[in-house]
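Geometric and topological summary
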Amino acid sequence: MFTEKKRLDDIDYIFLKNYEYYYKLAQESAEGLIHFGYDREEERAAREGQIIINNADEEAMLLYPSGLYFTELLKLEIGSPLEDLRLVINRYLKKNSRPELTVGEIVKEYSAKNPLNRHQTTLLYYLLIFPERYIKTYADYYRKGHVFTPVYVRDAVNKIINDRERHFYWISELLKTGL
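A few points on the structure. (Residues numbered from 1 in each chain as written. Predicted model: local features only at pLDDT ≥ 70, side-chain atom pairs only at ≥ 80, totals over all residues. Heavy atoms only, no water.)

1. A few points about the overall build of the protein
Counted only if it meets this: Numbering of helices and strands runs from the N terminus; a helix is a DSSP stretch of H or I covering at least four residues, while a strand is a stretch of E covering at least two. Whether a residue is buried, partly exposed or exposed follows from its accessible area with a 1.4 Å probe, protein chains only, as a fraction of its type maximum: under 20%, in between, or over 50%, in that order. By the convention used here, residues are in contact when the closest approach between their heavy atoms is within 4.5 Å. Areas reported here follow the Shrake-Rupley algorithm with a probe of radius 1.4 Å; residue values treat only the protein chains shown as occluding. By the counting scheme adopted, Arg and Lys are positive, Glu and Asp are negative, and His together with the chain ends is not counted. All charge positions are set by atom: Lys at NZ, Arg at CZ, Asp at CG, Glu at CD.
Helix and strand counts for the protein come out as 7 helices and 4 strands. Each helix (α) and strand (β) of the protein, taken in turn from the N terminus, gives the series α-α-β-β-β-β-α-α-α-α-α. Overall, the C-alpha framework of the protein stretches about 55 × 35 × 35 Å when taken along its three principal axes. Across the 179 residues that make up the protein, the buried fraction comes to 39%. In the protein, of all internal contacts separated by at least 6 residues, the share reaching a separation of at least 24 is 75%. Taken as a whole, the protein presents about 11600 Å² of accessible surface, with 56% of it coming from carbon and sulfur. Distance between charge centres in the protein, computed from 26 positive and 28 negative side chains, equals 4 Å.

See below:
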């Protein structure tokens, strides 16, 4: 990672400066998911054949009064609906700098149609705090071995760092739902 370069770039310093924070967050997420048995949630979902939207493009989702339809069926997978809900919440928070709905309100709305128990809400919390964007951005950057730091990478990292308090605030609202 750093050994291939002769000197550290700004992006490397940002990584080192924030590493401990994101490492602790990833560790807390992993420990919580293990402790609360996310593997059992995944096994149950697989046994029941629950289909999740996963990363289907929004353009592939057609919403009509009669229901939601998908045009890219190959992107659908079997898995826990908590993963879908995590993706929806993260996408919503990423697109809305000042969200009208809290994460707690989104989960309550979802739970009205697809009930979640307290255990599932706890698992969702641990899924949401995992610093996926930070890890993925740096993993992609270092895997490609850039000679210089592309502006889009620097912008992405700065946005993630700048949004972390806001993002964590909205996620912590989930704990207040009482589900």
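2. What about the pairing of strand E2 (residues 61-64)?
Keep this limit in mind: Paired strands, as defined in this entry, are two strands with at least two bridges between them according to DSSP.
Of the strand pairs in this sheet, E2 and strand E3 (residues 67-70) are connected by 4 bridges, and their pairing is antiparallel. Bridging from a neighbouring strand, Leu 62 pairs with Tyr 69 of E3. Turn length for the E2-E3 hairpin, with the two strands adjacent in sequence and antiparallel, is 2 residues.

3. Observations concerning the packing of aromatic side chains
Definition in use: Stacked, tilted and edge-to-face are the three classes assigned to paired rings of Phe, Tyr and Trp, where Trp is represented by its six-membered ring and a pair needs centres within 6.5 Å; plane angles under 30 degrees give stacked, over 60 edge-to-face, the rest tilted. Note on criteria: charge over ring means Lys NZ or Arg CZ within 6 Å of the ring centre, with the direction from the centre no more than 35 degrees off the ring normal.
Summed over all chains, the structure comprises 12 aromatic pairs. Taking the centre distance of 4.9 Å and the plane angle of 65° together, the rings of Tyr 141 and Tyr 142 count as edge-to-face. For Tyr 141, a relative accessible area of 2% gives the class buried. A connected cluster of aromatic rings, assembled from ring pairs, spans Phe 15, Tyr 19, Tyr 21, Tyr 22, Tyr 23, Tyr 134, Tyr 138, Tyr 141 and Tyr 142. One cation-aromatic arrangement involves Arg 164 over Tyr 21; the distance from NZ or CZ to the ring centre is 4.0 Å.

4. Some words on the pattern of salt bridges
This is how it is decided: We define a salt bridge as a contact between a side-chain nitrogen of Lys or Arg and a carboxyl oxygen of Asp or Glu at a distance within 4 Å.
In the structure shown here, the tally under the stated rule is 8 salt bridges. Among the salt bridges present, the one from Arg 44 reaches Glu 41, with a minimum N-O distance of 2.7 Å. In this pair, Arg 44 and Glu 41 both sit in helix H2 (residues 38-48), 3 residues apart, roughly one turn of the helix.

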